[in-house]
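For reference, the chains in residue letters:
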Amino acid sequence: MKSFDGKTLRWDWNDGVVELTLDREPANEIGTLMLAELEAFVRTFDTLAEETSVCIISSAQKHGFSAGADLRELYEGAAALNGPEQVAGVRTFLQRIHTVLNAIDAAPFVTMAAVHGICFGGGLELALVCDIIVADKMARFAFPELRLGLIPGFGGIPRLKRDLGNALVRDLLLTGRSLNAARAQAVGLVSQLAGEGEALNVARSNAAQIKKFDAFTRAAAKKFLKPIPHAELLKEIDLFCELFTRPAVMAALKKFAESTDAMPYLP
Amino acid sequence: MRTVEQTTQEVLDLAATHFHVAADSLNADDDFFRKLGINSLQALELLSRLENHFGIELPDYEVQGVSDFRTLASRIQSRL
């Protein structure tokens, strides 16, 4: 399927480049519907991979790339279940999103995230599976999960450790602070900065260059450069599920779900 | 080195430009959430704008609870 227009995202393949556009109000929160559509996207890899050089992931939402997991849906789903069922439901969701993100991470073509605005939590975890992050100079990156008594659950810690020094990983996780794009580039999280509103254009320009290279060598280089930290990813799911059982987490999620602010855990 | 008054004025000017309001409609002691009618996402946009303009990093937690331009400017001043 070379093009798709879903409820939370769409993709379009053209001349070796597939563009995946996240488009769910208000800020591309990743819930069950977006997960299902992402699963449909990665299922196309078997047929598209051979004729695809580059995949660009971007957002059509004005506030940014993605605010992360749909915490309101997570709370409402969990609140309707008892303890063991809550954890089982969360684990199933995490395993499904890990399967999707591992597939994007391991794709034989080059993947780029073209980021503007907020790129938080699960949104940052989606960007981190990409080979290259191009950021609009107004972009911001954060893992705010500890504010809710949780850790990132979509593979964020192992993948952040893969790309950055452990000291900075601890800083970002333990303070929950957000980095601006210039700082994110300075520390190596972002590889290219773009002017305001230009991230997608810059990514497309990169794609035009990347397409010139030999596909076999490109895939081999990528596999060599970017091993997937499978063992740590599995441990992260276990730790997330363990933390999720604590009453403080449900209380924090309840507070989040009941807030009318766009991003209640931000200042 | 800027004075805190200069920093405050630059913060007011940047906020006015970013949110498309008249510069003289904003005052240092205004609650910017109320005055501009913005939410926390838009406040983050302002934070990015300020960090880029002043060439500083201002951690989110340093502006947590800050809602007036004067206090925001003083937090920026301490990082210049």
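Reading the values: the criteria
Residues numbered from 1 in each chain as written. Chains lettered and ligands numbered in written order. Predicted model: local features only at pLDDT ≥ 70, side-chain atom pairs only at ≥ 80, totals over all residues. Helix = DSSP H or I, 4+ residues; strand = E, 2+ residues; numbered from the N terminus. Rg over C-alpha atoms; globule rule 2.2 N^0.38 Å. Buried ≥ 20, exposed ≤ 12 C-beta atoms within 10 Å, placed from the backbone. Contact = placed C-beta atoms within 7 Å. Pairing = 2+ DSSP bridges. Axes fitted to C-alpha atoms, helices over the stretch in contact; angles between N-to-C directions. Core = buried A, V, L, I, M, F, W, Y, C linked by C-beta atoms within 7 Å. Nonpolar A, V, L, I, M, F, W, Y, C, P; charged D, E, K, R; others polar. Left-handed = near helix turned anticlockwise from the far one by under 90°.

Considering the overall build of chain A
Next, step 1: Secondary structure assignment for chain A yields 12 helices and 11 strands.
Next, step 2: In summary, chain A has a C-alpha radius of gyration of 18 Å against a globular reference of 18 Å for 267 residues, a match within 12%.
Next, step 3: Taken over the C-alpha atoms alone, chain A extends approximately 55 × 35 × 35 Å along its principal axes.
Next, step 4: The buried share of chain A, taken over its 267 residues, is 44%.
Next, step 5: Here the contacts in chain A between residues at least 6 apart in sequence split such that 78% fall between residues at least 24 apart.

Details of unusual backbone geometry
Outside of glycine, negative phi angles account for most residues, and trans bonds account for most peptide bonds.
Next, step 1: Backbone torsion omega between glutamate 25 of chain A and proline 26 of chain A reads 0 degrees, so that peptide bond is classified as cis.
Next, step 2: With respect to the element layout, proline 26 of chain A can be found in the loop between strand S3 (17-22) and helix H1 (32-43).
Next, step 3: The residue asparagine 28 of chain A is not glycine, and still its phi comes out positive at about 55 degrees.
Next, step 4: Here asparagine 28 of chain A shows up in the loop between S3 and H1.
Next, step 5: One non-glycine residue with positive phi stands out, namely histidine 20 of chain B, at about 55 degrees.
Next, step 6: Take histidine 20 of chain B: it is sitting in the loop between helix H1 (4-18) and helix H2 (32-36).

A few points about the sheet that holds strand S2 (residues 9-14) of chain A
Residue and element names in this part refer to chain A.
Next, step 1: Overall, mixed pairing links the seven strands, which are arranged S1-S2-S3-S4-S6-S8-S11 in an open sheet. Both outer strands of the open sheet, strand S1 (3-5) and strand S11 (192-194), are each paired with one neighbouring strand and no more. Pairwise comparison of adjacent strand axes, ignoring direction, gives a mean angle of 20 degrees for this sheet.
Next, step 2: Of the strand pairs in this sheet, S3 and strand S4 (residues 54-59) are connected by six bridges, and their pairing is parallel. Bridging across to S4, leucine 22 finds its partner in serine 59.

Points about the nonpolar core
Residue and element names in this part refer to chain A.
Next, step 1: Grouped together as the largest cluster of nonpolar side chains are 87 residues, with contacts concentrated most on Val115, Ala127 and Ala135.
Next, step 2: Here the element with the most residues in this core is helix H4 (residues 83-105); it accounts for seven residues.
Next, step 3: Leaving out residues up to four positions away in the same chain, alanine 135 has contacts with Val115, Ala181, Ala184, Gln185, Val190, Leu193, Ala194 and Ala199.

Section: the interface of chain A and chain B
Next, step 1: Contact residues are listed per partner, giving 16 residues for chain A and 14 residues for chain B.
Next, step 2: Along the lines of polarity and charge, the residues of the side of chain A that touches chain B split into seven nonpolar, four polar and five charged.

Details of the packing of H1 of chain A against H4 of chain A
When two helices pack together, their arrangement is given by the angle between the helix axes and by the axis-to-axis distance.
All names here are of chain A.
Next, step 1: Contact geometry for H1 and H4: axes closest at 10 Å, N-to-C directions at 35 degrees. The hand of the H1/H4 crossing is left-handed. Two secondary-structure elements touch here, H1 through Leu35, Leu38, Glu39 and Val42 and H4 through Arg96, Ile97, Val100, Ala103 and Ile104.
Next, step 2: Taken together, the residues of the contact of H1 with H4 sort by class into seven nonpolar, no polar and two charged.

Some points on the sheet that holds strand S7 (residues 118-120) of chain A
All names here are of chain A.
Next, step 1: Read across the sheet, four strands follow the order S5-S7-S9-S10 without closing on themselves; strand pairing throughout is mixed. Of all strands in the sheet, those bounded by a partner on one side alone are strand S5 (64-66) and strand S10 (179-180).
Next, step 2: Relative to S10, strand S9 (residues 140-142) runs antiparallel, the two sharing two bridges. Its bridge partner being in S10, arginine 140 is matched across the sheet by asparagine 180.

As for the pairing of S4 of chain A
Residue and element names in this part refer to chain A.
Next, step 1: With six of six residues buried, S4 lies mostly within the body of the structure.
Next, step 2: The alternating pattern of S4 places Val54, Ile56 and Ser58 on one face and Cys55, Ile57 and Ser59 on the opposite face, and all of these are buried.
Next, step 3: Bridge count between S4 and strand S6 (residues 110-115): four bridges; the pairing is parallel. Within the sheet, the bridge partner assigned to cysteine 55 lies in S6 and is threonine 111.

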